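Architecture at a glance
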Amino acid sequence: MSLLIDTANQFLILADDPIVPNYTPSVPAPVKGATTQILGWTAGGGLTAAVLGGLVGWACVAIGHNTERAGLAARGKQAILWSLVAGGGIGVTSGLVMAFYNMSKGGA
């Protein structure tokens, strides 16, 4: 990912003329606070749901194993895996958003 960002920054720096002259991308001040708060709450809520899903999955595995209900244990294992995927997806998405935002600011 770092190589991709460095390559994109080199192309932005080496360009003679900017694509849009005299333009610096930024979020308008009245919207910036609300956008930051909404994105923060969304990421926090998503990670909380992923952690709770993982905990419920582990509980299902434990209960299913101790009561010899293989179906419940299997569903618990699936819940654990999907919680890991969801948490990873949220982390990767936030990283990608920041990378593209930083690339759009240009090579400074």
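Up top is the structure these notes are about.
Notes on the structure follow. Given the structure is predicted, the values throughout are model-derived calculations rather than measurements. Along each chain, numbering runs from 1 in the same order as the chain's sequence is written. Two thresholds apply to this predicted model, a pLDDT of at least 70 for residue-level local features and 80 or more for giving and counting side-chain atom pairs, whereas whole-chain, interface and lining totals are computed over all residues. For side-chain calculations, the full set of non-hydrogen atoms in the structure is used, while hydrogens and water are omitted.

**Some points on helix 3 (residues 70-104)**
- For helix 3, with 35 residues, the first-to-last C-alpha span of 51 Å sits near the 51 Å given by 1.5 Å per residue.
- Every buried residue belonging to helix 3 is among Leu72, Ala73, Gly76, Ile80, Ser83, Ala99 and Met103, and all of these are buried. Helix and strand labels come from DSSP, where a helix needs a run of H or I of at least four residues and a strand needs a run of E of at least two; each type is numbered from the N terminus. Each residue after the first adds 1.5 Å to the expected span of a helix. Summary of the burial criterion: residues with accessible area below 20% of their type's maximum are buried, those above 50% are exposed, and those between are partly exposed, where the area comes from a 1.4 Å probe applied to protein chains only.

**Examining the side chain of serine 83**
- Among the secondary structure elements, serine 83 is positioned in helix 3.
- Residue serine 83 is classed as buried on the basis of its relative accessible area of 12%.
- There is a polar contact of 3.3 Å between the side chain of serine 83 and the backbone oxygen of alanine 50.
- Between N or O atoms, a polar contact is any pair within 3.5 Å; within protein, one atom must be a potential hydrogen donor and the other a potential acceptor, and residues adjacent in sequence are included only when both atoms are from side chains. For serine 83, the side chain forms a polar contact with the main-chain oxygen of alanine 79, separated by 2.8 Å.

**Notes on the packing of helix 2 (residues 29-66) against helix 3**
- In this description, a line fitted to the C-alpha atoms serves as the axis of each element, helices being fitted only across the stretch in contact, and the angle between N-to-C directions of two axes falls anywhere from 0 to 180 degrees. Axis separation between helix 2 and helix 3 bottoms out at 7 Å; the angle between their running directions is 160°. It follows from the interaxial angle that helix 2 and helix 3 lie roughly antiparallel. Crossing of helix 2 over helix 3 shows left-handed handedness.
- Residues were grouped as follows: Ala, Val, Leu, Ile, Met, Phe, Trp, Tyr, Cys and Pro as nonpolar; Asp, Glu, Lys and Arg as charged; and all remaining residues, including Gly, as polar. Along the lines of polarity and charge, the residues of the contact of helix 2 with helix 3 split into 13 nonpolar, nine polar and one charged. Small angles under 35 degrees read as roughly parallel and large ones over 145 as roughly antiparallel, with 65 to 115 read as roughly perpendicular and the rest as oblique. Helix crossings get a hand from a simple test, with the near helix turned counterclockwise from the far one by less than a right angle marking a left-handed crossing and a clockwise turn marking a right-handed one.

**Details of helix 2**
- A rise of 1.5 Å per residue sets the reference length of helix 2, with its 38 residues, at 56 Å; its end C-alpha atoms lie 56 Å apart and thus fit the reference within 8%.
- Residues Ala50, Gly54, Gly57, Val61 and Gly64 constitute the buried set of helix 2.
- Looking at the buried side of helix 2, the elements it contacts are helix 3.
- Glutamate 68 sits one or two positions beyond helix 2 and adopts a positive phi of about 60°. Any two residues having at least one pair of non-hydrogen atoms within 4.5 Å are treated as being in contact.

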